[in-house]
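Structural description and commentary
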Amino acid sequence: MLITACFNIACTKKDFKQINTVTQSGSDSTAKIDSLPSFNNPTGLAIDAAGNLYVADYGNNLIREITPAGLVSTFAGSGNVGNIDAAGSLASFNEPAGITIDPSGNLFVADAGSDLVRKISSAGVVVTIAGSDSTGFINGMGINSAFFTPFGLTVDANDNVYVADAGNNMIRKITSAGLVSTFAGVSDTATFTTAAPSPIINPTGVAIDVSGNVYVANYLGNDILFINPAGIVSILTGKSDTTGAVNGSLKSATFYLPNSVALDVQHNLYVSDGVNNLIRKITPAGVVSTFAGSGAAGALDSVGTAASFNGPAGLTVDPSGNVYVADSNNNLIRKITPAGVVTTIAGNGLPGAKNGIAIAHRNRRKIHNASRNIFSILFKPKPN
């Protein structure tokens, strides 16, 4: 298995050393520039209107930025484990996993290790908008609420943030005023009963369409969920009792620990199918296909199923239909054109936190760290 989820006390989080590279934060343009930028298990991506990519660099406890010209810098975070609210490199994160952006250019981060949802202004100022020092499930205003390993998030046209609260098996909603509620999940007694329990099992990715429908990468359910604006959950595609990579109709398709979803302007849904090392595509007509990836772990830049990934995680799509992939085990950021052409746009393949001009190595058949065949989603034990 290439992706594991740990649920017992024996599973511990990694300790990451402080980064010794001087990095750029927020609008500071005086930072030192290193060659051959690097990442450490990137897991989340978002793109702004100007084409800048933002990366939740999970293993480095950083939020990184990649400009359209390929310059990689640190947008926020010191690299030290923490949850300090501050500007740029004075702030700190603890395993940031998911990231999204609103129309005003504000970033929202699922800070998984801290059980918090953070907001970063376009100037790089970090504040906590929801979650507390406690791990658990509490609805309420802002820091009076509680989460259990929030992992993926998305934002709607009204600035409501939807959070895949993985450890609680819920989709939570945060209004623009900061009120946290349960949008769907086991606590929603109006939607689920003991006879028809919630199908949400460790959700790790969410996306929302213009009609307010939410799509969920249901990680341990091995399926993709559809939640209407009223919070009613149904299985869109996949089979919870079957793992695989079968394409075809919604009813026949199978997945293996899908971890992220993203929508394009034509309402195609893209799925990061983690253990299968594939990027899958679901059309509005309900046809599931493999958009890119051979299924074999690797870092080959090519076209469609001739390309390869290793533990692909976060996805985002730009207005032109280009899909960007946080290729987590490869420590790379990849791009897939609408025609299926896969290229590497940032990262040298080695774990690290260097900044600089991205250098894409074309047609690599393997990279130095390809033997690290694991993308760990680490959940803390649920409190008593």
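Everything below is about the structure shown above.
Residues numbered from 1 in each chain as written. Predicted model: local features only at pLDDT ≥ 70, side-chain atom pairs only at ≥ 80, totals over all residues. Heavy atoms only, no water.

**So, the packing of aromatic side chains**
Selection criterion: Side-chain rings of Phe, Tyr and Trp (the six-membered ring for Trp) are treated as a pair once their centres are within 6.5 Å; stacked means planes under 30 degrees apart, edge-to-face means over 60, and tilted covers the remaining angles. For the purposes of this entry, the term helix denotes a DSSP run of H or I that reaches at least four residues, the term strand denotes a run of E that reaches at least two, and both are numbered from the N terminus. Burial status follows relative accessibility: with a 1.4 Å probe on protein chains alone, a residue under 20% of its type maximum counts as buried, one over 50% as exposed, and anything between as partly exposed. Definition used: whenever NZ (Lys) or CZ (Arg) falls within 6 Å of the ring centre and also within 35 degrees of the ring normal, the charge is taken to sit over that ring.
Across all of its chains, the model carries five aromatic pairs by this definition. Where Tyr 58 meets Phe 151, the ring centres are 6.3 Å apart and the plane angle is 45°; that geometry is what we call tilted. Remark: Phe 151 occurs in strand 11 (residues 150-155) and Tyr 58 occurs in the loop between strand 3 (53-57) and strand 4 (62-66); sequence separation between them is 93 residues. With respect to burial, Tyr 58 and Phe 151 carry one shared label: buried. Aromatic pair Tyr 162 and Phe 183: ring centres 5.2 Å apart, planes at 75°, arrangement edge-to-face. With Tyr 162 in strand 12 (residues 161-165) and Phe 183 in strand 14 (residues 179-185), this residue pair connects regions lying 21 residues apart in the sequence. Taken individually, Tyr 162 and Phe 183 each receive the classification buried, so the pair is uniform in this respect. Directly above the ring of Phe 147 sits Arg 172, whose terminal nitrogen or CZ lies 4.5 Å from the centroid. The ring of Phe 255 has Arg 280 sitting right over it, with the charged end atom 4.5 Å from the ring centre.

**Quick word on the nonpolar core**
What counts, and what does not: For this analysis, a nonpolar core means a set of buried residues of the types Ala, Val, Leu, Ile, Met, Phe, Trp, Tyr and Cys, connected via side-chain atoms within 4.5 Å. Should any heavy atoms of two residues lie within 4.5 Å, those residues are considered in contact.
In terms of nonpolar packing, the biggest core is built from 15 residues, with Ile 63, Ala 76, Phe 93, Ile 99, Leu 107 and Ile 120 touching the most fellow members. Listed by contribution, the elements that provide at least two residues to this core are strand 3, strand 5 (71-76), strand 6 (96-101) and strand 7 (107-111). Excluding its chain neighbours within four sequence positions, the residues that come into contact with Ala 76 are Leu 62, Ile 63, Gly 88, Phe 93, Ile 120 and Val 126.

**Focus: unusual backbone geometry**
With the exception of glycine, most residues fall at negative phi, and the peptide bonds are largely trans. Backbone geometry places Asp 115, a non-glycine residue, at a positive phi of 60°. Residue position: Asp 115 is located in the loop between strand 7 and strand 8 (116-120). The class of Asp 115 is buried, set by a relative accessible area of 2%. The phi torsion at Asp 159 lies on the positive side, around 65°, for a residue other than glycine.

**Looking at the sheet that holds strand 3**
Quick note on the threshold: In this description, strands pair whenever DSSP reports at least two bridges between them.
Taken together, five strands build an open sheet; the order of strands is 2-3-4-5-28 and the sheet is antiparallel. Strands at the two margins of the open sheet, each flanked by one partner only, are strand 2 (42-47) and strand 28 (356-357).

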